[in-house]
Amino acid sequence: MSATAGRRSTLPGFGLTMGLTLTWLSVIILIPLAGLFLKTFELSLDQFWGIVTSRRTLNALKISFGLSFAAALVNLVMGTVIVWALVRYRFPARRLFDAIVDIPFALPTAVAGVALSSLFAQQGWLGAPLAALGIKVAFTPIGIFIAMIFIGIPFVVRTVQPVLIDLDPEIEEAAASLGASRWHTVFRVILPSLIPALLTGFALAFARAIGEYGSVIFIAGNLPNVSEIAPLLIVIRLSEFRYADATAIAVVMLVASFLIIFAVNRLQRWAQTRIPTH
Amino acid sequence: MTIELKHIVKKFGAFTALDGVDLKVADGELLALLGPSGSGKTTLLRIIAGLDWPDAGEVSFNGENALAQGAGERHVGFVFQHYALFRHMTVFENIAFGLRVQPRAIRKNEAGIRARVKELLDLVQLGWLSDRYPNQLSGGQRQRIALARALAIEPRILLLDEPFGALDAKVRKELRQWLRSLHSEISVTSIFVTHDQEEALEVANRVVVMDRGRIVQIGTPSEVYDNPATAFVHGFIGESIVLPVEVSQGCVRLGGRPLLDISADGAACGASKLFIRRHDMQVGPAGSGSLEGTVAHVRSFGPVQRAEVALCAGEGKTVIEIDAPRDRALQAGDLIGLQPRRYRIFAAQD
């Protein structure tokens with residue numbers, strides 16, 4: 001509150017917080033990522049291209065991105081159903097179920113991986129009946145898919161839940177009194193209002209699945225070209241001391257992830273201008 | 001469309017929101033449900049709309065049981081206090097919503113829907129806003145769009161819940177007149193809920209006054225204003241001076257002193273309340289009326305001067321506010337006589 005200050009903002013502290021933000025983001029995110037890019041410059045362009053377009057790398061990337069996308073889609077649908085049940089209905093142990101949603105956030109991913117792989121192994125509780133039907137889950141791409149669903153579910157639930165809670169019940173009553181069926185009310189009024197939150201939840205679940213390592217490697221089987229995810233291929237290259245190879249794959253993942261998240265963000269911004277949260 | 005309610009009871013837990021309400025609404029009427037918050041007026045409106053269900057009682061439209069139908073089947077237009085517009089849809093799509101969700105057999109084609117929406121936008125005089133989103137509109141505009149949306153389905157009954165409650169005073173006044181002229185144009189049976197007595201008296205053909213889950217009076221605006229049925233109605237509608245009096249043997253006493261020229265008029269003996277409208281107090285020279293007091297403060301605006309008068313009767317502490325015409329200037333310190341032109345006496349516990 002100095003009397004000499006010229007222009008005063010009603011929201012002081014811009015310089016301080018902006019400085020801290022930039023410093024922090026640089027130290028924690030940008031500088032390590034810059035190091036990643038620098039490391040790849042040890043490779044010539046031909047070498048880089050050769051590594052990135054090798055059959056094993058392409059398959060690993062395809063598995064990582066493809067299954068992550070599919071898992072995020074499943075989470076989008078099932079997460080919405082779970083949010084609906086948790087927010088709209090009062091049932092016994094509702095709070096317990098609400099807390100269970102957060103478990104994938106906190107559980108060490110390796111523990112989740114071990115638990116899932118023993119559950120879905122051919123002698124496991126779920127693996128045995130599925131094997132009888134001829135479906136093999138553990139040590140196949142389906143196993144990766146399931147691990148990715150497991151770790152992604154809280155992202156959708158936790159982003160959509162507060163928005164659904166805040167949704168004015170009067171808009172549903174308005175729809176009903178205008179003659180809309182329940183189906184029309186849900187699909188024309190409620191879900192469209194949730195679109196920005198659904199997109200955010202989807203993007204977060206997708207991003208999380210792309211980066212997942214711990215739980216997937218236990219259940220995946222890790223066969224090159226079949227069930228080997230890109231993060232694992234990076235670790236394998238590192239253990240072979242082929243650091244530049246590892247960073248080349250990492251750079252591709254980074255750029256691809258960034259582009260996807262950027263695209264989702266744009267989509268979300270577009271939705272938000274049409275569906276403001278207030 | 002006539003509406004008939006028979007002995008409607010609605011409880012929320014231990015709270016009785018509606019306690020045996022009977023009401024008949026004639027075709028084409030514009031009716032106001034007036035009462036303080038918690039009097040049950042909104043609950044009653046929601047029951048008519050099918051958004052709430054009574055615990056007991058009957059609701060019929062044109063003699064037909066309405067409780068057998070859900071909200072969507074009753075063809076009732078409902079306008080919410082906070083508009084409840086669909087914020088992800090343009091104004092046009094908001095109004096078209098009720099037409100688009102109709103069963104395929106009776107649904108209009110796209111051209112028919114467009115024509116109907118345009119007609120409604122013209123009716124509410126907001127055609128130029130059809131491509132905007134609700135968050136780009138002012139409160140008054142949103143309310144008119146909400147009304148157009150409710151009218152799109154050609155409702156048999158129009159219900160409005162505190163339609164102007166969230167708007168500022170000037171817009172509220174404009175919309176009142178607009179609603180009244182709109183009603184005379186489309187003459188659909190309409191009920192609106194309000195806690196604002198001025199709004200009810202100015203807009204409605206008939207006013208239903210509610211208190212604590214019951215209807216206390218039904219009448220035209222002038223009936224409820226001039227002949228309030230109970231002390232509650234007198235106190236709630238119009239501004240009243242209330243004096244605690246004692247009635248015994250046809251004589252009305254204020255603080256032990258009998259009030260001349262005020263007859264008990266059949267009021268029961270015992271503690272009572274004397275109600276006088278502020279503007280019904282005739283000012284004269286000291287000693288000329290049944291009450292006497294000293295002017296404490298005068299504010300003049302518009303056609304009247306509002307004076308605070310400390311009455312000499314009673315414990316000498318009773319201060320009342322009166323509205324007097326400006327032809328006789330009052331000044332602080334004047335000793336004046338007061339004679340009520342009209343007054344009502346109600347038992348104290350009413």
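All residue numbers refer to positions counted from 1 along the written sequence of the respective chain. Following the order in which they are written, the chains are lettered starting with A and the ligands numbered starting with 1. At least 70 in pLDDT is required for a residue's local features to be given in this predicted model, at least 80 for side-chain atom pairs to be given and counted, and no such filter applies to totals for whole chains, interfaces and linings, which use all residues. No hydrogens and no water enter the side-chain calculation; it runs on all heavy atoms of the structure.

**Student:** Can you explain the interface of chain A and chain B? Please cite residues and give values.
**Tutor:** Across the boundary between the two partners, chain A contributes 21 residues, which contact 23 residues of chain B. Here the buried area means the combined drop in accessible surface, using a 1.4 Å probe, for two parts upon being joined, counting both sides. Approximately 2100 Å² of surface area, both sides summed, lies buried where chain A meets chain B, with 60% of it carried by carbon and sulfur atoms. Summed over the three residues of chain A that lose the most area to chain B, namely Ser177(A), Leu178(A) and Arg188(A), the buried surface amounts to 31% of that side. Salt bridges are defined as contacts in which a side-chain nitrogen from Lys or Arg sits within 4 Å of a carboxyl oxygen from Asp or Glu. Inspection of the chain A/chain B interface yields 1 salt bridge. Arg46(B) is the salt-bridge partner of Glu173(A), the closest N and O atoms lying 2.6 Å from each other. As used in this structure description, the phrase polar contact means that two N or O atoms lie within 3.5 Å; if the pair is within protein, one of them must be able to donate a hydrogen and the other to accept it, and residues adjacent in sequence are counted only when both atoms belong to side chains. The tally of links from chain A across to chain B stands at 3 residue pairs in polar contact (both at pLDDT 80 or more). Listing elements by their share of the side of chain A that touches chain B, those giving two or more residues are helix 9 (169-177) and helix 10 (182-211) of chain A. Pairs of residues are marked as contacts when any of their non-hydrogen atoms sit within 4.5 Å. Working definition: helices are DSSP H or I runs of at least four residues, strands are E runs of at least two. Numbering for both runs from the N terminus.

**Student:** Please provide a residue-by-residue account of the sheet that holds strand 20 (residues 344-347) of chain B, values included.
**Tutor:** Within a sheet, each strand pairs with its neighbour through backbone hydrogen bonds, oriented either parallel or antiparallel. Residues and elements named next belong to chain B. What makes two strands pair is DSSP finding at least two bridges between them. Pairing is antiparallel across the open sheet formed by 5 strands, whose spatial order is 13-12-11-14-20. The outermost strands of the open sheet, each flanked by one partner alone, are strand 13 (257-263) and strand 20. Put simply, the sheet's adjacent strands are angled 45° from each other on average, direction ignored. Judged from the 4 bridges that link them, strand 14 (residues 270-277) and strand 20 form a sheet pairing that is antiparallel. Interaxial angles span 0 to 180 degrees and are taken between N-to-C directions of axes, which are lines fitted to C-alpha atoms, for helices over the stretch in contact.

**Student:** Help me get a handle on the confidence of the model for chain B, residues and values and all.
**Tutor:** Confidence per residue, as judged by the predictor, is encoded in pLDDT with a range of 0 to 100. Here chain B averages 88 in pLDDT, while 98% of its residues score no lower than 70. This prediction of the complex comes with two scores: 0.80 for pTM and 0.83 for ipTM.

**Student:** So what's going on with empty space enclosed by the protein? Which residues, and what values?
**Tutor:** All names here are of chain B. A cavity here means a set of points on a 1 Å grid, drawn over the protein atoms and nothing else, where a 1.4 Å probe fits but cannot get out; a pocket is an open set with protein on both sides within 12 Å along at least five of seven lines, and a residue lines either one if it has an atom within 4 Å of a point. Grid points are joined across faces, edges and corners, and a volume is the space filled by probe spheres set on the points. Going through the model one piece at a time under the given rule, you end up with 1 cavity of 30 Å³ or more. Considered as a void within the structure, the largest cavity measures approximately 50 Å³ in volume. Taken together, Val-79, Gln-143, Arg-144, Leu-147, Leu-160, Pro-163, Phe-164, Leu-175, Trp-178 and Leu-179 make up the full set of residues lining the largest cavity. Of all elements in the fold, only helix 4 (139-152) and helix 5 (169-186) reach the threshold of two or more residues within the lining of the largest cavity. Think of it as three bins: nonpolar holds Ala, Val, Leu, Ile, Met, Phe, Trp, Tyr, Cys and Pro, charged holds Asp, Glu, Lys and Arg, and polar takes everything else, Gly as well. Tallied by class, the residues present in the lining of the largest cavity amount to 8 nonpolar, 1 polar and 1 charged.

**Student:** Outline the packing of helix 3 (residues 55-88) of chain A against helix 12 (residues 230-239) of chain A, supporting the account with residue identities and numerical values.
**Tutor:** Residue and element names in this part refer to chain A. Contact geometry of helix 3 with helix 12 gives a least axis separation of 7 Å together with a crossing angle of 140°. As far as their axial angle goes, helix 12 and helix 3 are oblique. Judged by residue contacts, Arg-56, Thr-57, Ala-60, Leu-61 and Ser-64 of helix 3 engage Ala-230, Pro-231, Leu-233, Ile-236 and Arg-237 from helix 12. Considering only residue class, the contact of helix 3 with helix 12 consists of 6 nonpolar, 2 polar and 2 charged. When describing relative orientation, an angle under 35 degrees is termed roughly parallel and one over 145 degrees roughly antiparallel, while 65 to 115 degrees is termed roughly perpendicular and anything else oblique.

**Student:** Can you break down the pairing of strand 17 (residues 304-311) of chain B residue by residue, with the values?
**Tutor:** Residues and elements named next belong to chain B. Here 8 bridges tie strand 16 (residues 291-301) to strand 17, and the two strands are oriented antiparallel to one another. The partner of Phe-301 across the bridge, within strand 17, is Val-304. Pairing geometry for strand 17 and strand 18 (residues 319-325), over 7 bridges, is antiparallel. Within the sheet, the bridge partner assigned to Val-304 lies in strand 18 and is Pro-325.

**Student:** Kindly report on the sheet that holds strand 18 of chain B, identifying the contributing residues and their values.
**Tutor:** All names here are of chain B. If you walk across this open sheet you meet the 5 strands as 15-19-16-17-18, and the pairing is antiparallel. In this open sheet, the two strands that pair with only one neighbour each are strand 15 (281-285) and strand 18. Along the sheet, successive strands turn relative to each other by an average axial angle of 45°, direction set aside. Pairing of strand 15 with strand 19 (residues 335-340) involves 5 bridges; the strand directions are antiparallel. Its bridge partner lying in strand 19, Val-283 is registered against Leu-338.

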